[in-house]
Amino acid sequence: MAQLDICTYPDPVLRQKAQSVEIIDGELQKLIDDMAETMYKAPGIGLAANQVGKPVRVLVIDIQKEESDYGLIVLINPEMMEAKGEISWEEGCLSVPEFYANVKRYEEVVVSGMDRRGDKVEINAEGLLAVALQHEMDHLDGKLFIDHLSPVTRDVFKRKWKKKQKEAV
Ligand code: QAP
Ligand code: CO
């Protein structure tokens, strides 16, 4: 396994629409394993393939909660089957380090896709896991959580980001 580099905003790969996976082979499984390792080492609770420079429809999530029915979730070609309710959650993103903001999402979702072996899986989620699924599926469509912010909060983000960029020199 290997730790991968995480692409950060405004890397154009984060804006790409990820391609559907057609074949699940050793190469894809290695990417999945490396993504999981990269997420755990970060540490983070979710990572989409775009974030490691590979625009393919793969995501990993582990919300690290004992009460969760799931441990590591791997989803290939995820699709939203049901969505209801509304919830606001303070989100962050490994590709937008050190910035956090509240985002409105569906409170409950049902997502289907394939696991690491290509078997069909369906995930019923609410709360944090539902938020994580929506956040990571957004990545596969080239969307970031900052796209959901109000114009004012987006401005705050842009100013903070510019300031950070300057300080990093
Ligand atoms: C997406 O986010 C998410 O800024 C996963 O400095 C967010 O793992 C799902 C992280 C909210 C559900 C709710 C962010 C680590 C990790 C940072 C992450 C940072 C270090 C974010
Ligand atoms: Co993210």
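*Asks:* In this structure, what is going on with the side chain of His135? I would like to understand it.
*Replies:* Tracing the chain through its elements places His135 in helix α2 (residues 127-140). Among residues more than four places away in sequence, those in contact with His135 are Glu91, Gly92, Cys93, Arg105 and Phe145.

*Asks:* Teacher, can you tell me more about the coordination of the cobalt ion (ligand 2) here?
*Replies:* Listed as protein donors to the cobalt ion (ligand 2) are Cys93 (SG), His135 (NE2) and His139 (NE2); their distances from the metal cover 2.0 to 2.2 Å. Going along the chain, you hit the donors of the cobalt ion (ligand 2) in the pattern C-x41-H-x3-H. Taken together, the positions of His135 and His139, both in helix α2 and four residues apart, correspond to about one turn of that helix. On the basis of relative accessible area, His135 is assigned to the buried category, the value being 6%.

*Asks:* Just to check I follow, could you spell out the site of ligand 1 for this structure?
*Replies:* Every one of the 17 residues lining ligand 1 counts as a neighbour, but Gly44, Ile45, Gly92, Glu98 and Tyr100 are closest to it. A distance of 2.7 Å is found between an oxygen atom of ligand 1 and a backbone nitrogen or oxygen belonging to Glu98. Within the side chain of Tyr100, a nitrogen or oxygen atom sits 3.1 Å from an oxygen atom of ligand 1. Protein chains shield 85% of the accessible area of ligand 1, which is 510 Å² for the free molecule. Per-element tally for the shell around ligand 1: the top contributor is α2, with five residues.

*Asks:* In this structure, what is going on with the nonpolar core? I would like to understand it.
*Replies:* Within soluble globular proteins, side chains that are nonpolar tend to cluster in buried spots. Counting 18 residues, the largest nonpolar core has Ile61, Leu75, Ile123, Ala125, Leu129 and Leu133 as its most contacted members. Secondary-structure elements contributing two or more residues to this core are β2 (58-61), β3 (73-84), β6 (108-114), β7 (120-126) and α2. Dropping the residues within four chain positions of it, Ile123 is found in contact with Tyr70, Ile73, Leu75, Val109, Val110, Val111, Leu129 and Leu133.

Conventions adopted
Residues numbered from 1 in each chain as written. Chains lettered and ligands numbered in written order. Predicted model: local features only at pLDDT ≥ 70, side-chain atom pairs only at ≥ 80, totals over all residues. Heavy atoms only, no water. Helix = DSSP H or I, 4+ residues; strand = E, 2+ residues; numbered from the N terminus. Contact = heavy atoms within 4.5 Å. Donors = N, O, S within 2.8 Å, 3.2 Å for Na, K, Ca; no water. Buried < 20%, exposed > 50% of the residue type's maximum accessible area, 1.4 Å probe, protein only. Near = heavy atom within 4 Å. Polar contact = N/O pair within 3.5 Å; in protein donor to acceptor, adjacent residues only side chain to side chain. Areas by Shrake-Rupley, 256 points an atom, 1.4 Å probe, with all protein chains shown as cover. Core = buried A, V, L, I, M, F, W, Y, C linked by side-chain atoms within 4.5 Å.

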